[in-house]
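Structure at a glance
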Amino acid sequence: DAKTTQPNSMESNEEEPVHLPCNHSTISGTDYIHWYRQLPSQGPEYVIHGLTSNVNNRMASLAIAEDRKSSTLILHRATLRDAAVYYCILNPIIQGAQKLVFGQGTRLTINP
Amino acid sequence: KAGVTQTPRYLIKTRGQQVTLSCSPISGHRSVSWYQQTPGQGLQFLFEYFSETQRNKGNFPGRFSGRQFSNSRSEMNVSTLELGDSALYLCASSDYRGSQLTEAFFGQGTRLTVV
């Protein structure tokens, strides 16, 4: 399974943008980049995913480097509710099974 | 649409006992996967079932087993419990949108404590 590298922790202030980096230098051409987050005392929840182009949804934006060896999850205006552990995961385009390989993730703290 | 439901939410068992955890996926979802979360090892994949068939299995001993019923509900069993099995057990459901599996939807987990 291809690996991802994320900072252990990051801190930001409420209502400011947050950029969460992820390195995946061994990514395969057939891997999607997925982001999940886990709020305290809850199961993980899907945030966003992409292949090559930048992606936006109501929760966040995903910026993918041209060589696909890194990506950045962008929360445009962080709220206290965004405090969570964020996981960057590589997932094959053709999946024989639903299997997510979680790393240690980035623990995001939001200051009021 | 109801989310993924896991029961029970909390469980205390004694070493050597066995335990069964239950997961009801989102209606219509045929894939159910299970994960173990501990402070030391993080989130680790246990196994995945699709339409009653195990399609993938993680690196866990044979004491960990599962099954899926025709209504897609899944159970996970751990036999001969060890202290190290204390963890949060999470299940996730998904299905295909065209030829692609959708994102995984997770339940809130079952917190198992082995004493």
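Before reading on, note that the structure itself is shown above.
Residues numbered from 1 in each chain as written. Chains lettered and ligands numbered in written order. Predicted model: local features only at pLDDT ≥ 70, side-chain atom pairs only at ≥ 80, totals over all residues. Heavy atoms only, no water.

Describing the sheet that holds strand 1 (residues 9-13) of chain A
Residues and elements named next belong to chain A. Formally: If DSSP finds at least two bridges between two strands, the strands pair. In this description a helix means any DSSP run of H or I spanning at least four residues, a strand means any run of E spanning at least two, and both kinds are numbered starting from the N terminus. Comment: axis = line fitted to C-alpha atoms, over the contacting stretch for helices; angle = value between 0 and 180 degrees taken between N-to-C directions.
The strand order across the open sheet built from five strands is 1-9-8-3-4, with neighbouring strands paired in mixed fashion. The sheet is open, and its two borders are formed by strand 1 and strand 4 (45-50), each paired with just one other strand. This sheet shows a mean twist of 25 degrees between the axes of neighbouring strands, independent of strand direction. Where strand 3 (residues 31-38) lies against strand 8 (residues 84-92), eight bridges are found, and the strand directions are antiparallel. Directly across from arginine 37, in strand 8, lies its bridge partner tyrosine 86.

Focus on the state of the cysteines
Keep this limit in mind: The rule for a disulfide is simple: a pair of cysteine sulfur atoms within 2.5 Å. Residue exposure (1.4 Å probe, protein chains only): buried if accessible area is under 20% of the type maximum, exposed if over 50%, otherwise partly exposed.
In total, this model carries two disulfides over all chains according to the counting rule given. For cysteine 22 of chain A, the disulfide goes to cysteine 88 of chain A, at an S-S distance of 2.1 Å. Classification of the bridge connecting cysteine 22 of chain A and cysteine 88 of chain A rests on its S-S torsion, roughly -80 degrees, and on that basis the disulfide is left-handed. In this pair, cysteine 22 of chain A is assigned in strand 2 (residues 18-23) and cysteine 88 of chain A in strand 8, connecting sequence segments 66 residues apart. What makes cysteine 88 of chain A buried here is its relative accessible area of 1%. Residue cysteine 23 of chain B pairs covalently with cysteine 91 of chain B via a disulfide, S to S 1.8 Å. On the S-S bond that ties cysteine 23 of chain B to cysteine 91 of chain B, the torsion sits near 65 degrees, and the link is right-handed. Of this pair, cysteine 23 of chain B sits in strand 3 (residues 19-24) while cysteine 91 of chain B sits in strand 9 (residues 87-94); the two residues are 68 residues apart in sequence, bridging distant segments of the chain. In this pair, the class of cysteine 23 of chain B matches that of cysteine 91 of chain B, namely buried.

Quick look at the packing of aromatic side chains
Two aromatic rings are characterised by how far apart their centres lie and by the angle between their planes. As a reminder, the rule being used: We call Phe, Tyr and Trp rings a pair once their centres come within 6.5 Å, taking the six-membered ring for Trp, and we label the pair stacked below 30 degrees between planes, edge-to-face above 60, and tilted otherwise.
A complete count under the given rule lists eleven aromatic pairs over all chains for this structure. An angle of 70 degrees between the planes, with centres 5.7 Å apart, marks the rings of tyrosine 35 of chain B and phenylalanine 45 of chain B as edge-to-face. Of the two residues, tyrosine 35 of chain B is situated in strand 4 (residues 31-38) and phenylalanine 45 of chain B in strand 5 (residues 42-50); the sequence distance between them amounts to ten residues. Across the pair, phenylalanine 45 of chain B and tyrosine 35 of chain B agree in class, each one buried. Measuring from centroid to centroid gives 5.5 Å for phenylalanine 50 of chain B and tyrosine 96 of chain B, while their planes differ by 80 degrees, and the two rings are edge-to-face. One end of the pair, phenylalanine 50 of chain B, is in strand 5; the other, tyrosine 96 of chain B, is in strand 10 (residues 96-97), and 46 residues separate them in sequence. One aromatic cluster is present, formed by Tyr36, Tyr46, Tyr87 and Phe102 of chain A together with Tyr35, Phe45 and Phe106 of chain B through successive ring pairs.

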